[in-house]
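# Chains, contacts and geometry: an overview
Now for the letters of each chain:
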Amino acid sequence: MRVAVCSAQPYDRRYFLAANRDIGHDLVFFDSHLCEETQRMVAGFPAVCVFINDTVSKTVLQTLAEQGASLIALRSAGFNHVDIRAAIDLGLHIVRVPAYSPHSVAEHSVALILSLNRHLHHSYNRVRSGNFSIQGLLGFEMRGKTVGIIGTGRIGAIVAKILHGFGCHLVAHDPQQNSDCINLGVEYVSLKKLYASSDIITLHCPLNMKTHHLIDTKAVTSMKQGVMLINTSRGAVIDTMAVINGLKSSKIGYLGLDVYEQEGDLFFQDLSNEIIQDDVFQRLLTFPNVLVTGHQGFFTDEALSSIARTTLQNISAFEIDGVCQNEVTLELLQ
Ligand code: NAI
């Protein structure tokens, strides 16, 4: 199938070309994001492959449908950036990569926890500039700490397993309890109890109407003094201003983010010579106890191979009989 691959970074090209050797789709890579300004670049392509920073709004989908597209292949698990209802109304099929390497994101979440706890982001700079003082780098043992996991699906369950190895006490909140977590000794509790009892809270739920700004001022107020908050799920699960106020009052003692609500204007590009216009993001960076990575949780060799392979297989399945087991349906929006 002729496939337009949007927002293609050099690593996307490498992994997609390698995976395509045995599959044989006609791949055309575009550096640009897909958006209203660039939607004409993919005219005539039956399949359009997009990433999370592409705009897949109703307007863009309408144009893609008019231009002859029938399939939108997401190189992601999350689909909150796509107007799924509009796509279905337009007769467009959306396929995704539901699980590529939950270990990658889980391990990155734990990396954020450990880095913040032991102040590795400060130690790195200190030692490089010849400052060997350990003043201000005091950490705590993970053993015996209570970690609250919000969302115990594929990623959250692996986080639970890793942290179990550290000897943490694990509590969780999820409308669907995971038997692997229960067998591990994870205790499912209300959000209220999770907030009140957790030394560390880590978010692994999808972004939907129920989880949008789940971590708001009320939630922050109910947390333990000095809590560590980690978000590798989706930026808008957190109300950033509420969290900034929590940091200012020291209610939040540590914040680790791999995602940010307005990340579309920032992440996945080199802006080191630009003036960043996002004052909220810039304020976040002023706190010594905040560690932000630019949506790299998924970014491992294993995950990129798996994303490329599954995306191309999704396209093949659709091309052969119009059916793909990884299609995003309305049921998934519930
Ligand atoms: P999953 O679908 O396997 O698990 C999500 C879990 O959240 C499910 O168990 C679900 O029941 C639960 N959930 C739904 N609503 C909830 C609520 N209101 N409160 C608590 N739990 C709720 O998804 P997976 O693969 O574990 O991914 C989790 C999230 O991680 C994704 O939705 C995505 O946003 C994010 N992600 C981030 C990446 C990164 O690079 N930082 C890469 C891949 C995914």
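Residues numbered from 1 in each chain as written. Predicted model: local features only at pLDDT ≥ 70, side-chain atom pairs only at ≥ 80, totals over all residues. Heavy atoms only, no water.

## What to know about unusual backbone geometry
The backbone of His213 shows a phi angle near 55 degrees, a positive value even though the residue is not glycine. Within the secondary structure layout, His213 lies in the loop between strand 9 (200-203) and helix 9 (217-221). The phi angle at Phe268 is positive, at roughly 65 degrees, despite the residue not being glycine. If you trace the backbone, Phe268 turns up in the loop between strand 11 (252-257) and helix 11 (279-285). (Helix = DSSP H or I, 4+ residues; strand = E, 2+ residues; numbered from the N terminus.)

## As for the site of the ligand
For the ligand, the set of nearby residues contains 23 residues, the closest of which are Tyr100, Arg154, Ile155, Asp174 and Asp258. For the ligand, an oxygen atom lies 3.4 Å from a polar atom in the backbone of Gly153. Note that an oxygen atom of the ligand is positioned 3.0 Å from one of the backbone N or O atoms of Phe298. In the complex, 85% of the free accessible area of the ligand, which totals 870 Å², lies under the protein chains. Of the residues contributing to the shell around the ligand, the split by class is eight nonpolar, eleven polar and four charged. (Near = heavy atom within 4 Å. Polar contact = N/O pair within 3.5 Å; in protein donor to acceptor, adjacent residues only side chain to side chain. Areas by Shrake-Rupley, 256 points an atom, 1.4 Å probe, with all protein chains shown as cover. Nonpolar A, V, L, I, M, F, W, Y, C, P; charged D, E, K, R; others polar.)

## Comments concerning the sheet that holds strand 2 (residues 26-29)
Sheet architecture is open: five strands sit in the order 2-1-3-4-5, paired in parallel fashion. Since the sheet does not close on itself, it has two edges, and those belong to strand 2 and strand 5 (93-95), each with one partner. Taken over all neighbouring pairs, the strand axes of this sheet differ in orientation by 20 degrees on average, direction set aside. Pairing analysis gives three bridges linking strand 4 (residues 71-74) to strand 5, with the strands arranged parallel. When the sheet's bridge partners are listed, Ile72 is paired in strand 5 with Ile94. (Pairing = 2+ DSSP bridges. Axes fitted to C-alpha atoms, helices over the stretch in contact; angles between N-to-C directions.)

## Here we look at the side chain of Ser7
Note that Ser7 resides in the loop between strand 1 (2-5) and helix 1 (10-20). A relative accessible area of 5% places Ser7 in the buried class. Among the polar contacts listed, one links the side chain of Ser7 to the side chain of Asp54, at a separation of 2.6 Å. Residues contacting Ser7, with those up to four places away along its chain left out, are Asp12, Phe30, Asp31, Ser32, His33, Leu34, Asn53, Asp54 and Arg75. (Buried < 20%, exposed > 50% of the residue type's maximum accessible area, 1.4 Å probe, protein only. Contact = heavy atoms within 4.5 Å.)

## Comments concerning helix 1
Taken together, the buried positions of helix 1 are Tyr11, Asp12, Tyr15, Phe16, Ala19 and Asn20. Buried residues of helix 1, viewed axially, fall in a sector of 150 degrees; they line one side. In helix 1, the exposed positions that point more than 90 degrees away from the buried face belong to Pro10 and Arg14. Turning to helix 1, the residues buried within the fold contact strand 2, strand 3 (47-50) and helix 12 (301-321). (Arc of directions from axis to C-beta.)

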